Amino acid sequence: MRDANPVRLLILGLLAEAPLHGHQIRRAADQSGIEHWGGVKVGALYGMLHRLESEELIEPVRTEQDGRRPQRTVYAITSAGRQELAIHRDRALTQPMLHSTTVEAALKWSAGLDQAALTDRLSHRRAALEATLAELVKGRELHRGEGHLSAASLAGYLRSELHLRAELAWHEALEPMLPAIAQEPAIDLESVGVRTST
């Protein structure tokens, strides 16, 4: 199974809300600022759209043309795509990956998870971080006690411990934000050109 990745989460999460064409997805990505906080190049979105279509996770549902602009293919998420989204989102929200932005993407495009579900998944991630930190400290102390720990190795342990502690502090700061995160839509559909009023 593939690692969760922010571009997949972004596209599948957006299409779980409404069918969109590539330009609308790109505008939503720009509005989210994912290029800055997630390191995602918005130009990569079109390649991922085609990949997701070839994997039958999304499907074209119609074409649209606005004036003289070129025709645009509107995509919708498939049931397999919804399952894929759930897998990647849950993995990103529960696994303690330190050098990844997928947890932020999974929060942004949580595809309707309520506060209780978000809290549950994030508690798994937090527990895994705490266990990883405890193992790291135990290993450091064991090696130090045996006299096998060089100054450079100690510096490596310290860096890893500080990363883990920073992640745990982020979880602490995140807790009071979860009600708002669970209630806000991933994007304002009208701002990317989707008419929501009837």
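Scroll up to find the structure.
Rules behind the numbers
Residues numbered from 1 in each chain as written. Predicted model: local features only at pLDDT ≥ 70, side-chain atom pairs only at ≥ 80, totals over all residues. Heavy atoms only, no water. Pairing = 2+ DSSP bridges. Helix = DSSP H or I, 4+ residues; strand = E, 2+ residues; numbered from the N terminus. Contact = heavy atoms within 4.5 Å. Axes fitted to C-alpha atoms, helices over the stretch in contact; angles between N-to-C directions. Core = buried A, V, L, I, M, F, W, Y, C linked by side-chain atoms within 4.5 Å. Buried < 20%, exposed > 50% of the residue type's maximum accessible area, 1.4 Å probe, protein only. Parallel < 35°, antiparallel > 145°, perpendicular 65-115°, else oblique. Left-handed = near helix turned anticlockwise from the far one by under 90°. Nonpolar A, V, L, I, M, F, W, Y, C, P; charged D, E, K, R; others polar. Salt bridge = Lys/Arg side-chain N within 4 Å of Asp/Glu carboxyl O. Arc of directions from axis to C-beta.

**Student:** Lay out the sheet that holds strand β1 (residues 20-21) with the relevant residues and their values.
**Tutor:** Pairing is antiparallel across the open sheet formed by 3 strands, whose spatial order is β1-β3-β2. Lying at the two open borders of the sheet, with one neighbouring strand each, are β1 and β2 (58-64). Note: β2 against strand β3 (residues 72-77), 6 bridges, orientation antiparallel. Among the inter-strand pairings, E59 is bridged to a residue of β3, identified as A76. Helix α4 (residues 44-54) rests against β2 and β3 of the sheet, and its axis sits at about 120° to β2.

**Student:** Could you give me a rundown of the nonpolar core, with the residues and numbers involved?
**Tutor:** Inside soluble globular proteins, nonpolar side chains tend to come together where they are buried. Membership of the largest hydrophobic core comes to 39 residues, with the highest contact counts inside it found for L10, I11, L15, I25, L45, L93 and L107. Those elements giving two or more residues to this core turn out to be α1 (6-17), α2 (22-32), α4, β3, α5 (79-94), α6 (102-108), α7 (115-145) and α9 (178-183). Broken down by element, the residue count for this core peaks at 8 residues, all from α1. Not counting the four nearest positions on each side in its chain, I11 is found in contact with I25, L45, M48, L49 and L52. Membership of the second largest hydrophobic core comes to 6 residues, among which are L129, L136, Y157 and L168.

**Student:** I'd like to hear about the packing of α2 against α4, residue by residue, with values.
**Tutor:** Contact geometry of α2 with α4 gives a least axis separation of 10 Å together with a crossing angle of 130°. It follows from the interaxial angle that α2 and α4 lie oblique. As α2 packs across α4, the resulting crossing turns out to be right-handed. Contact residues: G22, H23, I25, R26 and A29 in α2; L45, Y46 and L49 in α4. Looking at side-chain class alone, the contact of α2 with α4 contains 5 nonpolar, 2 polar and 1 charged residues.

**Student:** Which residues make up the pattern of salt bridges, and what values go with them?
**Tutor:** Applying the stated rule across the entire model yields 13 salt bridges. Among the ionic pairs, D90 bridges to R89, the shortest N-O distance being 3.1 Å. Accessibility expressed as a relative area gives 7% for R89, which makes it buried. E130 serves as the salt-bridge partner of R126, at 3.7 Å between the closest nitrogen and oxygen.

**Student:** Kindly report on α2, identifying the contributing residues and their values.
**Tutor:** All of the buried residues along α2 are G22, Q24, I25, A28, A29 and S32. Looking down the long axis of α2, one finds its buried residues gathered within 160° of arc, a one-sided arrangement.

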